[in-house]
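Structural overview
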Amino acid sequence: MKEFFGFGGYQRVPEGFMSWQHLVFVTSLMVIMVALAIYLGKKCKNSDDKSKNKVLIWAALLIDGFELFKIVLCCFRSHDALNWIYNLPLFLCSIQLITIPVAAFAKGRIKEAALDFVLIFGILGAVLGTYGAGNNYGSYPVLSFDNVVSGITHSISGFTSLYIAISGMASMKKKNIVISLGILTFFCVAAYVANVLIPYNYMFLMRGDGTPYDIFYNLVGGNPVLYPLIVVLLFFIYIAAFYAVFMFVRRKKAEKNN
């Protein structure tokens, strides 16, 4: 247990990014994630909004509970009460620590926008934070506290995204695009400021750190202006593309039903 939780540092050599151990572990998480989302999404599809929302409440409590436990343990493990500054919700994936609870407990347009934001970025974060997490799986053993909790929280984000889509909770109203863009812009600016002050690499705005962002980092030679601008631009392009595909599918489905 001491080795699993990393007290005194991990003694095992990391199996490595894209090793068979890494792929088997994250694929297992993805299978569970998709299966639960399909089962609960279909089960709740014809239920009232209150019943549908109960699943979101559980997702919000679990994702924040696991993350809070991780922060407390990391501070205790490092004997540094300020270790939490390296665990702020300023990665693209960790924004869901805030937006999933907002989607679960808010009302009106704020709830709609939060649901849409989780739908758009939840599944992307789940894939990038498991299969694409070269920073984690290149540094820690696969079955370690850091990777297991990270895998669970990213899977909860992906589960919530799929559940929202399958249960029919997404509105994807065009007027809410502005809110989604505002949420993303706020966190990008906050992440960049934190990166400069701490310093750190939130939202991977400073470098790729073994993730797919390295492709763009190397493409511009690590330019401190162009690289973060490209990362943010990719986020905006993804939002636009997601909306376009979602609307196309919704329109085709409506035409088919008519």
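None of these values were measured; they are calculated from a predicted model.

As a further point, take the side chain of Thr99. With respect to the helices, strands and loops of the structure, Thr99 is situated in helix 4 (residues 96-105). There is a polar contact of 2.8 Å between the side chain of Thr99 and the side chain of Gln96. Dropping the residues within four chain positions of it, Thr99 is found in contact with Ala114, Phe117, Val118 and Ile183.

This part takes up unusual backbone geometry. Residue Pro199 is reached from Ile198 by a cis peptide bond, and omega for that bond is -10°. As for its placement among the helices and strands, Pro199 is situated in the loop between helix 8 (177-197) and helix 9 (214-219). Unusually for a residue other than glycine, Met203 sits at a positive phi of about 60°. Structurally, Met203 can be placed in the loop between helix 8 and helix 9.

Closest axis-to-axis distance for the helix 3 (residues 49-78)/helix 4 pair is 8 Å, and the angle between their directions is 150°. For the element pair helix 3 / helix 4, the angle class is roughly antiparallel. Like other packed secondary-structure pairs, helix 3 and helix 4 cross with a definite hand, here left-handed. Contact residues: Asn53, Leu56, Ile57, Ala59, Ala60, Ile63, Asp64 and Glu67 in helix 3; Gln96, Leu97, Ile100, Pro101, Ala103, Ala104 and Phe105 in helix 4.

What follows concerns helix 4. Taking burial as the measure, the 10 residues of helix 4 include seven buried ones, the bulk of the element. Turning to helix 4, its buried residues are Gln96, Leu97, Thr99, Ile100, Pro101, Ala103 and Ala104. Where helix 4 is buried, its residues touch helix 3, helix 5 (108-128), helix 7 (145-167) and helix 8.

Parameters at a glance
Residues numbered from 1 in each chain as written. Predicted model: local features only at pLDDT ≥ 70, side-chain atom pairs only at ≥ 80, totals over all residues. Heavy atoms only, no water. Helix = DSSP H or I, 4+ residues; strand = E, 2+ residues; numbered from the N terminus. Polar contact = N/O pair within 3.5 Å; in protein donor to acceptor, adjacent residues only side chain to side chain. Contact = heavy atoms within 4.5 Å. Axes fitted to C-alpha atoms, helices over the stretch in contact; angles between N-to-C directions. Parallel < 35°, antiparallel > 145°, perpendicular 65-115°, else oblique. Left-handed = near helix turned anticlockwise from the far one by under 90°. Buried < 20%, exposed > 50% of the residue type's maximum accessible area, 1.4 Å probe, protein only.

Any functional reading would require information beyond the geometric quantities listed.
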